[in-house]
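Descriptive structure summary
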Amino acid sequence: MLNKKIKAAAVHAAPVYMDKAASLRKVVSLITQAAGQSVELVAFPEVFVPGFPYFTNCYAPNAATVALYSAQSVVIPDDLGDVQAACATHKIAVVLGVSERMRNGHSLFNSIVTIDADGTILGVHRKVQPTWAERLVWGQGSGYTLRTYAPREGGGYRIGGLACWEHTINGARQALIDQGQHVHVGCWPALDTLDGFEKAACAQIEALMKTHALTAQVFVLCASTYVDETCLRWMEENLGPQDKVKAGGGWTAIIHPFCTFLAGPYTESRDELVVAEIDFSQLNLVKAYVDGAGHYKRPEVFRFDVDMTPRWKDDPDIVGPIPYNKA
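Residues numbered from 1 in each chain as written. Predicted model: local features only at pLDDT ≥ 70, side-chain atom pairs only at ≥ 80, totals over all residues. Heavy atoms only, no water.

The next subject is the pattern of salt bridges. The full count for this structure, using the stated rule, is 15 salt bridges. Close ionic contact of Asp-271 with Lys-26 constitutes a salt bridge, the shortest N to O distance being 2.8 Å. Here Asp-271 is found in the loop between β10 (261-266) and β11 (272-279), whereas its partner Lys-26 is found in helix α1 (residues 20-35), with 245 residues between them in sequence. Under the relative-accessibility criterion, Asp-271 is labelled partly exposed at 32%. We note a salt bridge from Lys-244 to Asp-195, for which the minimum N-O separation is 3.6 Å. (Salt bridge = Lys/Arg side-chain N within 4 Å of Asp/Glu carboxyl O. Helix = DSSP H or I, 4+ residues; strand = E, 2+ residues; numbered from the N terminus. Buried < 20%, exposed > 50% of the residue type's maximum accessible area, 1.4 Å probe, protein only.)

Shown next as structure tokens:
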């Protein structure tokens, strides 16, 4: 049982689109801003660096565009030194969505990096199934990266995350539940800006986030981007006119295991830290009703198995810990 409280923030913000260096500087700025509010855990949206590849939904497939996106994708840990330093300086744990480029390689993944409050990279999760046109950009992550992590400064809670429609994969969610997850980070793009999703996306996100909150009995930090002018301008200037993605969007909230809102939902087209206190002692009552890793699992009725064999050559390297090198 955990009898601890932490202050957490879900980031609702737009990156500096297709600019890795500038977006990483913005990550550091938002961590510093969170420190000013005594926040201990910060969750960022899906592929906040360098931004979601909305162009896959707007234009015909083009390998040259993916090559440009690859050049702005994050190499772990090489590109994250300043972010690690910010975590260590402000004693804040961070969960950051990035487009990851394999170190010494070219393959890309939709990844979630968990960094401890001392700057250590606890591990990286690679989205196991990119959705629809995303498959033009990202590879499939292995089950080896389906993990939860315990921040050393966190007092015993375990955190894990998934990206976007990866939440529809019940097995992926159960893999985190079985590892004793207490906090879940749901990383999202501005899904409701896509043509055909304007009326459905926010309802889908809310449903998926509340489903995991209750079925996993976890506190959920749902972090989303919105589409700003840097994104629309980059696509217009580099790829031409389009009418499939518009400005705005995003749905950001912090949700209690019983599906009430602790903060949000926030949907404005401006940067905001959606902040709430998480009281882990409240899980004691929730778990008395339902325990997805215990008496509600019914292992004599249902069998569940996750293949956590490394599939990519660098899987063991990115599933940390990767110490923060101050030098």
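Having seen it, we continue.
Bringing helix α2 (residues 63-71) into the picture now. By the burial criterion, the buried members of α2 are Thr-65, Val-66, Tyr-69 and Ser-70. Projected down its long axis, α2 shows its buried positions confined to an angular sector of 145°, all on one face. Buried residues along α2 sit in contact with β3 (93-101), β4 (108-115) and α6 (229-239). (Arc of directions from axis to C-beta. Contact = heavy atoms within 4.5 Å.)

On the secondary structure map, Trp-251 appears in the loop between α6 and β9 (252-255). With residues up to four places along the chain from it excluded, the contact list for Trp-251 reads His-12, Cys-202, Ile-205, Glu-206, Cys-222, Ser-224, Phe-261, Pro-265, Tyr-266 and Thr-267.

To continue, consider the sheet that holds β11. Pairing in this open sheet of six strands is mixed, and the strands run β5-β4-β3-β2-β1-β11 from one edge to the other. The sheet is open, and its two borders are formed by β5 (121-126) and β11, each paired with just one other strand. Adjacent strand axes in the sheet meet at a mean angle of 25° when their direction is disregarded. One ladder, built from three bridges, connects strand β1 (residues 5-12) with strand β2 (residues 41-43); its direction is parallel. (Pairing = 2+ DSSP bridges. Axes fitted to C-alpha atoms, helices over the stretch in contact; angles between N-to-C directions.)

Position of Ala-247 relative to the elements: it lies in the loop between α6 and β9. Separated by 212 residues in the primary sequence, Ala-247 and Ala-35 have C-alpha atoms spaced 29 Å apart. If sequence neighbours within four positions are ignored, Ala-247 has contacts with Thr-193, Val-227 and Leu-232.

Turning to the packing of aromatic side chains, a few remarks are in order. The tally for this structure, following the rule as stated, stands at 13 aromatic pairs. When the ring of Phe-109 is compared with that of Trp-312, the centres are 5.0 Å apart and the planes differ by 80°; the resulting orientation is edge-to-face. With Phe-109 in strand β4 and Trp-312 in the loop between α7 (283-289) and α8 (315-318), this residue pair connects regions lying 203 residues apart in the sequence. Note on Phe-109: relative accessible area 0%, which makes it buried. (Phe/Tyr/Trp six-rings, centres within 6.5 Å; stacked < 30°, edge-to-face > 60°.)

Core analysis: the biggest nonpolar cluster contains 37 residues, and Tyr-54, Tyr-69, Trp-188, Met-209, Met-235 and Val-245 have the highest contact counts within it. Sorting the residues of this core by element identifies α2, α5 (201-216), β8 (219-224), α6 and β9 as the ones contributing at least two each. Of all the elements, α5 adds the most residues to this core, at six residues. In this structure Tyr-69 touches Met-18, Val-47, Pro-50, Gly-51, Phe-52, Pro-53, Phe-55, Ser-99, Leu-108, Val-137 and Trp-138, once residues within four positions along its chain are discounted. Ranked by size, the runner-up nonpolar core spans 34 residues in total, among them Leu-30, Val-94, Ile-115 and Ile-121. (Core = buried A, V, L, I, M, F, W, Y, C linked by side-chain atoms within 4.5 Å.)

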